[in-house]
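# Breakdown of the fold
For reference, the chains in residue letters:
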Amino acid sequence: MRDVPRTVWLLAAGQFFNMVVAFTFVYFFVYLTDERGLPVAQAGLISGIGGVGMVVGNFTGGWFGDRSGHRRVLLVGSLIGGAGVLALPFLPVALLYVVPPLSQYAGGCVRAATGALVAVTVPEGARRQGFAVTRFAGNAGFTVGPPLGALLIAHTSYTWLFVIDGIGTLVFAAYAARILPAHGAARSGPDRAKAEDGPRQGVFAALRERPTVLVLLAAILLTDLVYRQQYSTLPVDLDRHGLGTGVYGWLLAINGGVILLLELPATLALRDRAPLRIIGSGLLLVGAGCAVLALGTGLGTAVAMMLLLTAGEILYKTPATAYVADHAPAHLQGRFQSLYSGVSVSGVVLSAPLGGALYSAAPGLLWPVCAAVAGAAGCLVLAAGRGRVRQPSAAVVAGGTAGGPDLETGSPARRTSG
């Protein structure tokens, strides 16, 4: 872990704090129906638009960062997101169709910018550890946050929930402005000439030269549709088989607890292993979890499903993020991270309607289909790892990931000791 720069540790600490106060995502729908008294259909529409905004923010945040600086995108996005959440309790209903989606869009941009900042700060070869640190911080904060939010609702009001969330996000922006350097160290002399030699490719040309990245992005998109069924159709299926909300809560606790205990050690233990084999194995474990539940929904199979799903998540999420970063040209690092961030959260919008439609039509088919989709994604990644892939052009390698781009502008930067 000593290869993870101090800046990343400080950013992870800020992420932990920010996730502790990130109550809005968890309680927004209940707030709309309970406090605001909106019909379920209207609340669902507002929440759905917000989810679309979040996914689009993930897809576009890196593009802004490559042009204007990833640090700047993180700061501006945090300011917009925090102000939107802070204003939410005081908005008329008409503005609920505008401000929350804008706030979630800004949050999506922040997520993409954070990934790009880690990618450009951590040297190649240590990025798995760097992303594991930030994932650990985010998961730890989210484990603490929702129970605190429930206490706030019980003892104060929803207004205080959103006020604290908004102020917390603004505090995180101020903290990030202080701990993130405005500019990285610039290359000079022969190093700079080598890095800037040759034409700069566009993102689509760069992806064509990296077919394994394209395969990985497609596989992650498919798997996220399956993975996020745990937040939509899984509780419905559990309830249908006599397992109530308490069981579902414990399953989520198992997921969070195992990740906090094992993800960092697993990342360190496997850091020298071929990444696509690890990622493919993780996707197969996600499929195996669904296959277990296809045998019958009961307490034992539900626990086994969650353990397999969690093991798969531990194996694929951090290495997949690092793999995309390691294969991105320096001037496209943000856009590559945005592509990964976008596909990795697409299930937020797509999984519930697709899974719900299948479950309504044929409940017995949901988990076998999920197992087949995740299994196929895992096989695709494993096959890509065994195949012979054409290497990127020398110009792209020269301007690629050997160093890291400047934090603010995306220009190449030199690694410095200490």
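Now for a quick tour of the structure. (Residues numbered from 1 in each chain as written. Predicted model: local features only at pLDDT ≥ 70, side-chain atom pairs only at ≥ 80, totals over all residues. Heavy atoms only, no water.)

The next subject is the overall build of the protein. The number of helices and strands found in the protein is 18 helices and 2 strands. Here the protein holds 418 residues, and the buried ones make up 50% of them. Of the contacts made within the protein by residues no fewer than 6 positions apart, 84% connect residues no fewer than 24 positions apart. Counting only carbon and sulfur atoms, one obtains 67% of the accessible surface of the protein, whose full area is about 17900 Å². (Helix = DSSP H or I, 4+ residues; strand = E, 2+ residues; numbered from the N terminus. Buried < 20%, exposed > 50% of the residue type's maximum accessible area, 1.4 Å probe, protein only. Contact = heavy atoms within 4.5 Å. Areas by Shrake-Rupley, 256 points an atom, 1.4 Å probe, with all protein chains shown as cover.)

What follows deals with the packing of aromatic side chains. Taken as a whole and judged by the stated rule, the model has 3 aromatic pairs. Ring geometry for Y31 and F162: centres 4.8 Å apart, planes at 80°, overall edge-to-face. With Y31 in helix α2 (residues 24–34) and F162 in helix α7 (residues 158–179), this pair connects stretches of sequence that are 131 residues apart. Look at Y31 and you get buried, because its relative accessible area is 2%. By the ring-pair criterion, three or more aromatic residues cluster together here, those being Y31, Y158 and F162. Of note, K317 hangs over the ring of Y227, and the distance from its end group to the ring centre comes to 4.0 Å. (Phe/Tyr/Trp six-rings, centres within 6.5 Å; stacked < 30°, edge-to-face > 60°. Lys NZ or Arg CZ within 6 Å of the ring centre and 35° of its normal.)

Our focus in this paragraph is the pattern of salt bridges. Summed over the entire model, instances satisfying the criterion amount to 5 salt bridges. Measuring nitrogen to oxygen at the nearest pair gives 2.8 Å for the salt bridge that ties D66 to R335. Taken together, the residues span a long stretch of sequence, with D66 in helix α3 (residues 40–68) and R335 in helix α15 (residues 333–345) at a distance of 269 residues. According to the relative accessible area criterion, D66 is buried, its value standing at 10%. Put simply, R228 and D224 hold a salt bridge, and the shortest N to O gap is 2.8 Å. As far as the burial class goes, R228 and D224 line up, both buried. (Salt bridge = Lys/Arg side-chain N within 4 Å of Asp/Glu carboxyl O.)

Geometric descriptors of this kind do not, in isolation, establish any biological role.
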